[in-house]
Amino acid sequence: MTKQEILTHIDHTQLKAFCTWEDIKKLCDEAIKYNTASVCIPPSYIERIKETYGDKINICTVIGFPLGYNTTETKVFEVKDAIAKGCSEVDMVINIGHVKNGDFDKVEAEIKALKEAAGDKILKVIIETCYLTDDEKVKLCQCVTNAKADYIKTSTGFGTGGATIEDIRLFAQNIGPDVKMKAAGGVKSREDLEIFLEAGCDRIGTSSAVKMLEEN
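Residues numbered from 1 in each chain as written. Predicted model: local features only at pLDDT ≥ 70, side-chain atom pairs only at ≥ 80, totals over all residues. Heavy atoms only, no water.

- The name given to the protein chain in an unreviewed UniProt entry is Deoxyribose-phosphate aldolase, with the source organism recorded as Anaerobutyricum hallii.
- Check the Sequence similarities (unreviewed entry) section of the UniProt entry for the protein chain; it says "Belongs to the DeoC/FbaB aldolase family. DeoC type 1 subfamily." (UniProt positions renumbered as here; feature names shortened; annotations may be inferred.)

### Digging into the layout of surface pockets
Line of reasoning, step 1. There is about 390 Å³ of room inside the largest pocket.
Line of reasoning, step 2. Taken together, 18 residues form the lining of the largest pocket, with Thr13, Gly157, Gly205, Thr206 and Ser207 sitting closest to its centre.
Line of reasoning, step 3. When the residues that make up the lining of the largest pocket are grouped by side-chain class, the tally is five nonpolar, 10 polar and three charged.
Line of reasoning, step 4. Roughly 190 Å³ of internal volume is contained in the second largest pocket.
Line of reasoning, step 5. Residue lining of the second largest pocket: His12, Thr13, Gln14, Asp23, Lys26, Leu27, Glu30, Ser207, Ser208, Val210 and Lys211, and that is the complete set. (1 Å grid on protein atoms, 1.4 Å probe; cavity = no way out; pocket = protein on both sides within 12 Å on 5 of 7 lines; lining within 4 Å. Points joined across faces, edges and corners; volume = space filled by probe spheres on them. Nonpolar A, V, L, I, M, F, W, Y, C, P; charged D, E, K, R; others polar.)

### What to know about the sheet that holds strand E3 (residues 59-63)
Line of reasoning, step 1. Taken together, the eight strands give a closed barrel; going around it, the order is E1-E2-E3-E4-E5-E6-E7-E8, and neighbouring strands pair in parallel fashion. Along the sheet, successive strands turn relative to each other by an average axial angle of 25°, direction set aside.
Line of reasoning, step 2. In the sheet, strand E7 (residues 180-184) pairs with strand E8 (residues 203-206) via three bridges, with the strands oriented parallel. Bridging across to E8, Lys182 finds its partner in Arg203.
Line of reasoning, step 3. In the packing of helix H3 (residues 46-53) onto the sheet, contacts are made with strand E2 (38-41) and E3, and the angle to E3 comes to roughly 175°. (Pairing = 2+ DSSP bridges. Helix = DSSP H or I, 4+ residues; strand = E, 2+ residues; numbered from the N terminus. Axes fitted to C-alpha atoms, helices over the stretch in contact; angles between N-to-C directions. Contact = heavy atoms within 4.5 Å.)

### Focus on the packing of helix H4 (residues 72-84) against helix H6 (residues 104-118)
Line of reasoning, step 1. Axis separation between H4 and H6 bottoms out at 9 Å; the angle between their running directions is 20°. Here H4 lies roughly parallel to H6, going by the angle between them. Like other packed secondary-structure pairs, H4 and H6 cross with a definite hand, here right-handed. From H4, Thr72, Lys75, Val76, Val79, Lys80 and Ile83 reach across to H6, where they touch Glu110, Ala113, Leu114, Ala117 and Ala118. (Parallel < 35°, antiparallel > 145°, perpendicular 65-115°, else oblique. Left-handed = near helix turned anticlockwise from the far one by under 90°.)

### Focus on the UniProt feature "active site" (unreviewed entry) in the protein chain
Line of reasoning, step 1. The UniProt record annotates "active site" (unreviewed entry) at Asp91, Lys153 and Lys182. Considering the C-alpha atoms alone, the annotated residues occupy 92 residues of sequence yet fold into one spot, their largest mutual distance being 10.1 Å. Lining the largest pocket, out of the annotated residues just given, are Lys153.
Line of reasoning, step 2. In this structure, Asp91 sits in strand E4 (residues 89-93).
Line of reasoning, step 3. Along the polypeptide, Lys153 turns up in strand E6 (residues 151-153).
Line of reasoning, step 4. Exposure remark for Lys153: the relative accessible area of 3% places this residue in the buried category. (Buried < 20%, exposed > 50% of the residue type's maximum accessible area, 1.4 Å probe, protein only.)

This is the structure we're talking about:
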């Protein structure tokens, strides 16, 4: 797999609480230079990126991030606001408390509501695998599929663990044919990037792909 083939699957990410405009500009400039799939950035930077770069860059942001326990109404507002400001992709965090309570109908209803708010824009659903049993992951694959989200995503990168190849294989066996997969967190090398892509991931969220690939 060539460096460029890998980069077209990367959501080039900067979500640190203290990231500055200089950090965001560097991320965007790299995304344009290396033709990454998107930049994934805090919602507060969407408008400035749009004003600075126009349509040169695909903007992704995060919703209910990173803990997921905002109300559905709040998340719906976040989605609509992000899209109005120029975002084309949104990565939402599910309510993990609902999962632990066995309320999968609530999880599915929330994903449906956010997909309705997103319309033709891409919705990725972060399930934060590090807190889940395999049975819960399988049920969430069904929720994401039934709610017609575009992607299932492993992790926020802010939990106790990130993507594993075992989880991607589990997703692949349990999602519907129209759902794609995104790995995030814990992808540390070019070899990792290739392993996850070869396992069927369409996107990988990482802040360090450019650095990893430049070193090889």
